[in-house]
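# A look at the structure
The residues making up each chain are set out below.
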Amino acid sequence: MSKKIKNNVYSVGKVDWELRRFHGDELSTHHGSTYNSYLIKEQKTVLIDTVWAPFSAEFMRELPAEVELSRIDAVVINHAEIDHSGAIVDLMQHLPDVPVYCSHNGVKSLRGHFHKDWNFKPVRTGDRLDIGNGKQLMFIEAPMLHWPDTMFTYLTQDNILFSNDAFGQHLATDKIFADLVDQHSLWKEAIKYYANIIAPWSKLVDSKLRELKSLDLPIDIICPSHGACWRKDIHKIIDAYALWANGYREDRITIAYDSMWGATRAMAEAIAKGIREADSEVVLAVHSLAKSDKNDVMTDIFRSKAFLLGSPSHNKCALASVGALLEELRGLSFQGKKAAAFGSYGWSGEGQVRLNSILKEIGYECVDDGIRNMWQPSDADLARCVEYGRKFALKVQ
Ligand code: FEO
């Protein structure tokens, strides 16, 4: 059943209450998600985005209850990733000649995914589509938010920005608007979404926000493609994106480690103790990479002013869980984080040295050479880790 956004704009997408893993198995979605599709019924009827392919049949079963399919005059695909374009093949079987508005890269992505040659109408920033009743759709390219093809669509008069992935949250809710959902879950999912999906493109986020400001478009509602729509205090999510895009950090330190026989874990806890002794205010997050959710760890690191990675030496390397986290940290390119590495070893101790070296290589500022410890830490070794934690806290203040 559709839900009204404003005037003749309706939400016709899918709430996926079950979803727990996304992007294959790469991303955790503890609170499910939604695949938002929007129907605009002015003199022209326009569908903006569809739903993920597994829900295509359901989408196509329910859409005719909202609009006679033959009345759809245009389809807009803001982003061709299949969580938004997945139902287009089934849809276009009913609308073979209807124009599909998307970016130039969108044409390439849609052709690449579906190998179909629909009636593509590639658009650029500033191009407009008249939909009658004095209203227009204006297109705004937004490359890398979150794919090269992404664009926003702005509806004049109603002042709605359909922003696709940007400003989204993986949050299943049957309440359409952000002000109606649990605020803790909303913001937790919004920042997790930014940290794990949008962060690599922070420079482009910053410039897109400036461009939007310079376009001086009145925006009453932001309708993303995942989660709830922003209609009250929308400056809060825009301001949050401006903060997150510019070397965001809170007074928080994250320690992430893996351990084989408990020595690196003991070091982690001793370092945490030292940090707390030196700084009673800083928020500490300590994660075992074997136990914690990777994306939650990454969100904590994104929120932190500094982080420590710990691993025992294993086959002259760090443990695979820590190596995988480093690879992801490389890709996410968080800005303005200080870091260091620690770990235990039994023979030659390459693991911690390697961690420090990779942290530097991928652009994180190592405050020192970190700390390593041979064999299980003794009381004296743990005292040395506590002292290291104290010094680390002072160095990153
Ligand atoms: Fe929600 Fe980039 O797809």
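This one's a predicted model, so the numbers in the text were calculated from it and none came from an experiment. (Residues numbered from 1 in each chain as written. Predicted model: local features only at pLDDT ≥ 70, side-chain atom pairs only at ≥ 80, totals over all residues. Heavy atoms only, no water.)

This paragraph deals with the domain arrangement of the chain. Taken domain by domain, the chain consists of domain 1 (3-244) and domain 2 (254-395). For domain 1 versus domain 2, the separation of C-alpha centres amounts to 39 Å. Summing the contributions of domain 1 and of domain 2, the shared interface buries around 1,000 Å²; its carbon and sulfur component is 53%. Across the contact surface, domain 1 and domain 2 share 3 salt bridges. Here R21 and D293 are joined by a salt bridge, their closest N and O atoms 3.6 Å apart. Where domain 1 touches domain 2, the interface holds 7 residue pairs in polar contact (both at pLDDT 80 or more). Of all the secondary structure elements, the ones that give two or more residues to the side of domain 1 that touches domain 2 are β5 (27-28) and α5 (183-198). By residue class, the composition of the side of domain 1 that touches domain 2 is 7 nonpolar, 3 polar and 3 charged. (Domains from an automatic or database assignment. Buried area = accessible area lost by both parts, 1.4 Å probe. Salt bridge = Lys/Arg side-chain N within 4 Å of Asp/Glu carboxyl O. Polar contact = N/O pair within 3.5 Å; in protein donor to acceptor, adjacent residues only side chain to side chain. Helix = DSSP H or I, 4+ residues; strand = E, 2+ residues; numbered from the N terminus. Nonpolar A, V, L, I, M, F, W, Y, C, P; charged D, E, K, R; others polar.)

Within the largest apolar cluster, 92 residues are counted, with the highest numbers of intra-cluster contacts made by Y241, W244, L309, L329 and F334. Formed jointly, this core draws a minimum of three residues from each of two domains, domain 1 (3-244) and domain 2 (254-395). Excluding anything up to four places from it in sequence, L309 contacts A256, V322, L325, L326, L329, A340, A341, F342, L355 and L359. Counting residues in hydrophobic clusters, the runner-up holds 23 residues, among them I40, L137, I160 and F177. (Core = buried A, V, L, I, M, F, W, Y, C linked by side-chain atoms within 4.5 Å. Buried < 20%, exposed > 50% of the residue type's maximum accessible area, 1.4 Å probe, protein only. Contact = heavy atoms within 4.5 Å.)

So, about the environment of Q43. Along the chain, Q43 turns up in the loop between β7 (38-41) and β8 (45-48). When its relative accessible area of 59% is taken as the criterion, Q43 is described as exposed. Between the alpha carbons of Q43 and N133 there is a distance of 6.3 Å; along the sequence they are 90 residues apart. Other than its neighbours up to four places away in sequence, Q43 contacts D73, I131, G132 and N133.

On the surface, W347, M374 and W375 cluster together to form a nonpolar patch covering roughly 410 Å² of accessible area. Positionally, W347 belongs in the loop between β20 (338-345) and α11 (350-361). With relative accessibility at 71%, the residue W347 sits in the exposed group. (Patch = residues over 30% accessible without salt bridge, like charges linked within 9 Å, V, L, I, M, F, W, Y side chains within 5 Å. Areas by Shrake-Rupley, 256 points an atom, 1.4 Å probe, with all protein chains shown as cover.)

Turning our attention to the sheet that holds strand β13 (residues 135-141). The 5 strands are arranged β12-β13-β14-β15-β16 in an open sheet whose pairing can be described as mixed. With one partner strand each, in any of the chains shown, β12 (128-132) and β16 (221-224) form the two edges of the open sheet. Geometrically, the sheet is characterised by an average inter-axis angle of 20° between neighbouring strands, direction not taken into account. Packing of helix α6 (residues 202-215) onto the sheet brings it into contact with β13, β14 (151-155) and β15 (160-164), and relative to β13 it is tilted by some 150°. (Pairing = 2+ DSSP bridges. Axes fitted to C-alpha atoms, helices over the stretch in contact; angles between N-to-C directions.)

The next thing to look at is unusual backbone geometry. Here the residue pair L145 and H146 is connected by a cis peptide bond, since its omega of 25° sits within 30 degrees of zero. In this fold, H146 is placed in the loop between β13 and β14. We note that D49 has phi near 60°; this positive angle belongs to a residue other than glycine. Following the sequence through the fold, D49 ends up in the loop between β8 and α1 (56-66). Even without being a glycine, F167 presents a positive backbone phi close to 70°. Tracing the backbone shows F167 in the loop between β15 and α5. Of the residues examined, F167 reaches a relative accessible area of 3% and is grouped as buried.

Two strands pair when backbone bridges link them, and strand β1 (residues 3-6) and strand β2 (residues 9-11) are joined in this way by 3 bridges, in the antiparallel orientation. Following the sheet pairing, K3 is matched in β2 by S11.

What follows deals with the side chain of H79. If you trace the backbone, H79 turns up in the loop between β9 (72-76) and α2 (82-85). Reaching out from H79, the side chain makes a polar contact with the side chain of E81 at a distance of 3.2 Å. Among the polar contacts listed, one links the side chain of H79 to the side chain of T150, at a separation of 3.5 Å. Not counting residues within four places of it along the chain, the set of residues in contact with H79 comprises D49, H84, S85, H146, W147, D149, T150, N164 and D165.

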